[in-house]
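The primary structure of each chain is shown beneath.
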Amino acid sequence: MKLFDVYPLFDIEIVKGRGVHTYDAEGTEYLDLYGGHAVISVGHSHPHYVEALAKQAENLVFYSNSVINTLQQTLADKLGKASGYDDYQLFLVNSGAEANENALKLASFHTGKNRVISFKKAFHGRTSLAVEATDNPKIVAPVNESGHITFVPFNDIDAVKAELAKGDVCAVIIEGIQGVGGVQIPADSFLQALRKACDESGAVLILDEIQSGYGRSGKFFAHQYAGIRPDIITMAKGIGNGFPLGGMLISPKIEPSYGMLGTTFGGNHLACAAGIAVLDIFEQENLVENSREVGEYLIEQLRAFPQIKEVRGRGLMIGIEFAEPVKELRRRLLFEQKVFTGASGTNVLRLLPPLVLTKADADEFIKRFKAVL
């Protein structure tokens, strides 16, 4: 049987990882500055993480959400404390797209309305409403074109208010930092105005923190730089450090009812063990602060290169924009300097390393990056 060929693959097989390094089948070591699409938060094969999953697997991998699972409450308590949202409600799912899908549905249930405001260059996932709320027509199938999504310019509060004034908007969804869109940061003043506008109109404000959350920006969630509290926060990627896990933090003003949402695998025992282990390591190793410090250091080093058009980012979510396409640069970094990086669009190199990256690791990257430039 052939695999369904939808991924352009590098001719490398990664078989092992340790910290910020990965290793191919021949034993070649690579510096991982991409973390598998921002998924690896506490580093590859962290001993505490490995031990926690192995221990849980010996007892119980899965049982359904028809019975009590105290691991879910433990994860909720730890997450509330770490994030500052201990008064919110947690709903666990399997992925970021599923989190956004459920967030949009929940907003519609809550308001009784059916239109959503999203933003130019947004990316929210590949399921039905999530992909429709993504500003990329190439990945939106005809069946996903419901007409419920309106795109407005990023950081344009007047455009948002004009749409809210029509009275049929259930939600505004925005990324804490646009990742696929080129590491675009919403202005703090824009997020504050957006919060006020949603309050005035009754629309639900959804912050998609799937890539920008979980410490990556140097705060637990990127929107916390603006000092706002959204109605729903969606999470995934770093929450499970590679184990499929996602979730929503939901304001107490939104009331649940039986059957409103559901999932077979979301919040299963092994997933919760992974999520708990991640938060243990966050606390023990002060990873949010490390992300801020090392990120600021790395951004400062990158801004010294005259070949770079612009460096954008917060913490360890960094976009490096060039005047020309970065495809060849990325290929040379991988095959000549053994460094994994990502890209956003054509001209932006994207860095999303594990949050355990040190200044010494950053220096090593700069050395290899300079060699390619």
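Here, every reference points to the structure presented above.
Description of the structure in this document. (Residues numbered from 1 in each chain as written. Predicted model: local features only at pLDDT ≥ 70, side-chain atom pairs only at ≥ 80, totals over all residues. Heavy atoms only, no water.)

**With respect to the sheet that holds strand β9 (residues 232-235)**
Then step 1. Spatially, β4-β10-β9-β8-β7-β5-β6 is the arrangement adopted by the 7 strands of the open sheet, whose pairing is mixed. Strands with a single pairing partner mark the edges of an open sheet, and in this sheet they are β4 (89-93) and β6 (149-152). For this sheet the average axis-to-axis angle between neighbouring strands, irrespective of direction, equals 20 degrees.
Then step 2. Looking at chain direction, strand β5 (residues 115-119) and β6 are connected through 4 bridges and run parallel. Paired with phenylalanine 119 across the strands is valine 152, a residue of β6.
Then step 3. Against the sheet, helix α7 (residues 188-201) contacts β5, β7 (169-175) and β8 (204-208), and its axis sits at roughly 165 degrees relative to β7. (Pairing = 2+ DSSP bridges. Helix = DSSP H or I, 4+ residues; strand = E, 2+ residues; numbered from the N terminus. Axes fitted to C-alpha atoms, helices over the stretch in contact; angles between N-to-C directions. Contact = heavy atoms within 4.5 Å.)

**Some remarks on a nonpolar patch on the surface**
Then step 1. On the surface, Phe4, Val6, Tyr7 and Leu9 cluster together into a nonpolar patch covering about 580 Å² of accessible area.
Then step 2. Among the structural elements, phenylalanine 4 can be located in the segment before β1 (14-18).
Then step 3. When its relative accessible area of 77% is taken as the criterion, phenylalanine 4 is described as exposed. (Patch = residues over 30% accessible without salt bridge, like charges linked within 9 Å, V, L, I, M, F, W, Y side chains within 5 Å. Areas by Shrake-Rupley, 256 points an atom, 1.4 Å probe, with all protein chains shown as cover. Salt bridge = Lys/Arg side-chain N within 4 Å of Asp/Glu carboxyl O. Buried < 20%, exposed > 50% of the residue type's maximum accessible area, 1.4 Å probe, protein only.)

**Overview of the nonpolar core**
Then step 1. Formed by 55 residues in total, the largest nonpolar core has its most connected members in Tyr214, Leu298, Leu302, Phe365 and Phe369.
Then step 2. When residues no more than four places from it in sequence are discounted, the contact partners of leucine 302 are Ile308, Val311, Ile318, Ile320, Leu351, Phe365, Ile366 and Phe369. (Core = buried A, V, L, I, M, F, W, Y, C linked by side-chain atoms within 4.5 Å.)

**Remarks on the pairing of β8**
The side chains of a regular strand alternate, residue by residue, between the two faces of the sheet.
Then step 1. Of all the 5 residues making up β8, 5 are buried; the element is thus mostly covered by neighbouring parts of the structure.
Then step 2. Residues of β8 alternate between two faces, with Val204, Ile206 and Asp208 on one and Leu205 and Leu207 on the opposite face, all of them buried.
Then step 3. Pairing geometry for β7 and β8, over 5 bridges, is parallel. Each residue of the ladder has a partner; that of glutamate 175, found in β8, is aspartate 208.
Then step 4. One crossover worth recording links β7 to the parallel β8 by way of α7, and it is right-handed. (Right-handed = clockwise from strand over helix to strand, strands pointing away.)

**Remarks on the pattern of salt bridges**
Then step 1. Applying the stated rule across the entire model yields 18 salt bridges.
Then step 2. Between glutamate 310 and arginine 312 there is a salt bridge, and its shortest N-O distance comes to 2.9 Å.
Then step 3. Judged by its relative accessible area of 38%, glutamate 310 falls in the partly exposed class.
Then step 4. Between glutamate 328 and arginine 331 there is a salt bridge whose closest N-O contact spans 2.8 Å. Taken together, the residues span about one helical turn, with glutamate 328 and arginine 331 both in helix α10 (residues 327-335) at a distance of 3 residues.
Then step 5. Judged by its relative accessible area of 43%, glutamate 328 is partly exposed.
Then step 6. Overall, the relative accessible area of 33% leaves arginine 331 in the partly exposed class.
Then step 7. Each of Arg115, Glu163, Lys166 and Asp168 takes part in salt bridges that share partners, so that together they form one network.

**Looking at the sheet that holds strand β3 (residues 29-32)**
By definition, the strands of a sheet pair up through backbone hydrogen bonds, in either a parallel or an antiparallel sense.
Then step 1. Taken together, 4 strands build an open sheet; the order of strands is β1-β2-β3-β13 and the sheet is mixed. Of all strands in the sheet, those bounded by a partner on one side alone are β1 and β13 (339-340).
Then step 2. Strand contacts of helix α11 (residues 359-372): β2 (21-24), β3 and β13, with the helix running at about 105 degrees to β3, the strand carrying the most contacts.

**Points about the packing of aromatic side chains**
Then step 1. Scanning the entire structure with this criterion turns up 13 aromatic pairs.
Then step 2. Considering the side-chain rings of phenylalanine 220 and phenylalanine 221, the 5.0 Å spacing of their centres and the 85 degrees angle between planes classify their relative orientation as edge-to-face. Each member of the pair phenylalanine 220 and phenylalanine 221 is classed as buried.
Then step 3. Seen from their ring centres, phenylalanine 305 and phenylalanine 369 are 5.3 Å apart, and the 85 degrees between their planes marks the pair as edge-to-face. Of the two residues, phenylalanine 305 sits in the loop between α9 (287-302) and β11 (310-314) while phenylalanine 369 sits in helix α11, which places them 64 residues apart along the sequence. The same class applies to phenylalanine 305 as to phenylalanine 369, namely buried.
Then step 4. Following the ring pairs from residue to residue traces out a cluster consisting of Tyr85, Tyr88, Tyr214, Phe220, Phe221 and Phe282.
Then step 5. The ring of tyrosine 23 is capped by lysine 16, whose NZ or CZ atom sits 5.1 Å from the centre of that ring.
Then step 6. For the cation-ring pair, lysine 219 lies above tyrosine 225, with the distance from its terminal atom to the ring centre recorded as 5.3 Å. (Phe/Tyr/Trp six-rings, centres within 6.5 Å; stacked < 30°, edge-to-face > 60°. Lys NZ or Arg CZ within 6 Å of the ring centre and 35° of its normal.)

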